[in-house]
Amino acid sequence: MDLLNTLVDKGLRRETPSREEALAVLATPDDELLDVVAAAGKVRRQWFGRRVKLNYLVNLKSGLCPEDCSYCSQRLGSKAEILKYTWLKPDEASQAAAAGVAGGAKRVCLVASGRGPTDKDVDRVAATIDAIKSENEGVEVCACLGLLSDGQAERLRGAGADAYNHNLNTSEATYGDITTTHTYADRVDTVQKAHAAGLSACSGLIAGMGESDEDLVDVVFGLRELDPDSVPVNFLIPFEGTPLAKEWNLTPQRCLRILAMVRFVCPDVEVRIAGGREVHLRSMQPLALHIANSIFLGDYLTSEGQAGRADLEMITDAGFEVEGTDQVTLPEHRAGGCGSVCGSEEGEAATTAPEATEARTDLVAVRRRGAGTDLAPNA
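To keep things clear, this report deals only with the structure shown in the data block.

1. Quick look at the environment of Tyr184
And then number 1: Looking at where Tyr184 falls in the secondary structure, it is placed in helix α8 (residues 184–196).
And then number 2: On the basis of relative accessible area, Tyr184 is assigned to the buried category, the value being 12%.
And then number 3: Spatially, the C-alpha atoms of Tyr184 and Pro66 are 17 Å apart, while their sequence positions differ by 118 residues.
And then number 4: Beyond its immediate stretch of four places on either side in the chain, Tyr184 contacts Leu168, Thr170, Ser171, Glu172, Tyr175 and Gly222.

2. Description of the environment of Leu54
And then number 1: Topologically, Leu54 is positioned in strand β1 (residues 51–61).
And then number 2: Among the residues examined, Leu54 registers a relative accessible area of 0% and is labelled buried.
And then number 3: Separated by 244 residues in sequence, Leu54 and Gly298 place their C-alpha atoms 9.8 Å apart.
And then number 4: Once residues within four sequence positions are removed from consideration, Leu54 is found in contact with Gly103, Gly104, Ala105, Lys106, Arg107, Ile295, Leu297, Leu312, Ile315 and Val322.

3. Focus: the packing of aromatic side chains
Here the distance between the centres and the angle between the planes together describe a pair of aromatic rings.
And then number 1: Using the criterion set out here, one finds two aromatic pairs in the structure.
And then number 2: Ring centres 6.2 Å apart and planes at 70° place the aromatic pair Tyr175 and Tyr184 in the edge-to-face group.
And then number 3: Looking at Tyr175, the relative accessible area reads 2%, which means it is buried.
And then number 4: Here the aromatic rings of Phe296 and Tyr300 are separated by 6.4 Å at their centres, their planes lie at 85°, and the arrangement is edge-to-face.

4. Looking at the pattern of salt bridges
And then number 1: One pass over the structure, following the stated rule, counts 25 salt bridges.
And then number 2: Glu15 serves as the salt-bridge partner of Arg13, at 2.8 Å between the closest nitrogen and oxygen.
And then number 3: Taking relative accessible area as the criterion, Glu15 reaches 25% and is therefore assigned partly exposed.
And then number 4: When the shortest N-O distance is used, the salt bridge between Lys193 and Asp150 registers 3.4 Å. Note that Lys193 is positioned in helix α8 and Asp150 in the loop between β3 (140–144) and α6 (152–158), a separation of 43 residues in sequence.
And then number 5: We classify Asp150 as exposed; its relative accessible area is 70%.
And then number 6: Ionic contacts of the salt-bridge type, sharing partners, join the residues Lys53, Arg107, Glu140, Glu270 and Arg272 into one network.

5. Side note on empty space enclosed by the protein
The gaps of empty space that remain are located by a probe, the size of a water molecule, rolled over the atoms.
And then number 1: The final tally for this structure, using the stated rule, is four cavities of 30 Å³ or more.
And then number 2: Each pocket or cavity is described by its volume, and for the largest cavity that value is around 900 Å³.
And then number 3: As for the largest cavity, its lining consists of 43 residues, and the residues nearest its centre are Tyr71, Cys72, Gln74, Asn167 and Leu301.
And then number 4: At the level of secondary structure, the elements contributing two or more residues to the lining of the largest cavity comprise β2 (107–112), β3 and β7 (230–235).
And then number 5: Of the residues in the lining of the largest cavity, the class split is 23 nonpolar, 15 polar and five charged.
And then number 6: Considering only enclosed or pocket space, the second largest cavity measures out at about 90 Å³ in volume.

About the criteria used
Residues numbered from 1 in each chain as written. Predicted model: local features only at pLDDT ≥ 70, side-chain atom pairs only at ≥ 80, totals over all residues. Heavy atoms only, no water. Helix = DSSP H or I, 4+ residues; strand = E, 2+ residues; numbered from the N terminus. Buried < 20%, exposed > 50% of the residue type's maximum accessible area, 1.4 Å probe, protein only. Contact = heavy atoms within 4.5 Å. Phe/Tyr/Trp six-rings, centres within 6.5 Å; stacked < 30°, edge-to-face > 60°. Salt bridge = Lys/Arg side-chain N within 4 Å of Asp/Glu carboxyl O. 1 Å grid on protein atoms, 1.4 Å probe; cavity = no way out; pocket = protein on both sides within 12 Å on 5 of 7 lines; lining within 4 Å. Points joined across faces, edges and corners; volume = space filled by probe spheres on them. Nonpolar A, V, L, I, M, F, W, Y, C, P; charged D, E, K, R; others polar.

Put into structure tokens, the structure is as follows:
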């Protein structure tokens, strides 16, 4: 296909595709899906070889969030029967992190529900970072604590944090339909604060919330403009008890096309398959490794993932290798954090409705193990 050849050439040169080209990836028919995966795979291998970076989530504080994000099981008014607990102590968080590191995780992601941290919360997380790093040589720590106030990103960097995650989630045009207690601009501001403090910025999206193809392209181009080092691609987990519980809009094929589009728009960035991969990619997860170079190991914040051993077997069976702590994730030109972005082109965008699929509520399991419980995690 001329389209895919063009996208590969641009990806190898770190050039941004046009919006028209990005939309065309999402509109490719299933008969051409393997061609799309193969093309995105060429770009992935150019910048990341066959390495897969493993990340491990530790939910420091679960539930009872005052924000009203419609997709979230921890939101204000959520009736999802998730684990709810206040801040883990630093030693408890370090113990939870150790399970992921033992399973091969190179980065530990510390997440806490809420609008944003207080200065006391930053101190608490700083102590947790110290506890984790003192026990796990070479591990990276990413914090995800919500909206940051002035000076907090610098304090986290000084405490040893390597990265900060704050996702844009959806397009600016539709953001108000998903969340009303803060704005798209608030999220952009926090990512910019992380960048300015010298933290490696991590920001991504959630697909499957009823958005159009144009919305998906808009949010990915918004991410490209912010230039994060890593882009997690989440697929909505429609928790019962949340406003989006009936949004089952994804197929494995659509998920692969979304990942490919992200790879073409962000060719030299760590693209991570994040929450919902087991629910929506299902048996096609190994194909996604040909596009993305990073995954979460084991469980997520409030839902269970597949067993860590199954993740490792999947990586090996697909012909990839786990990235070691002695290996640098990003290409040399991006080393140190903020990489330069090449020129971009824009074309006219067209809206395409996403496919629908039968609800698979049997695949959504509330996490009952790991952080905040007496049971061992599944890493």
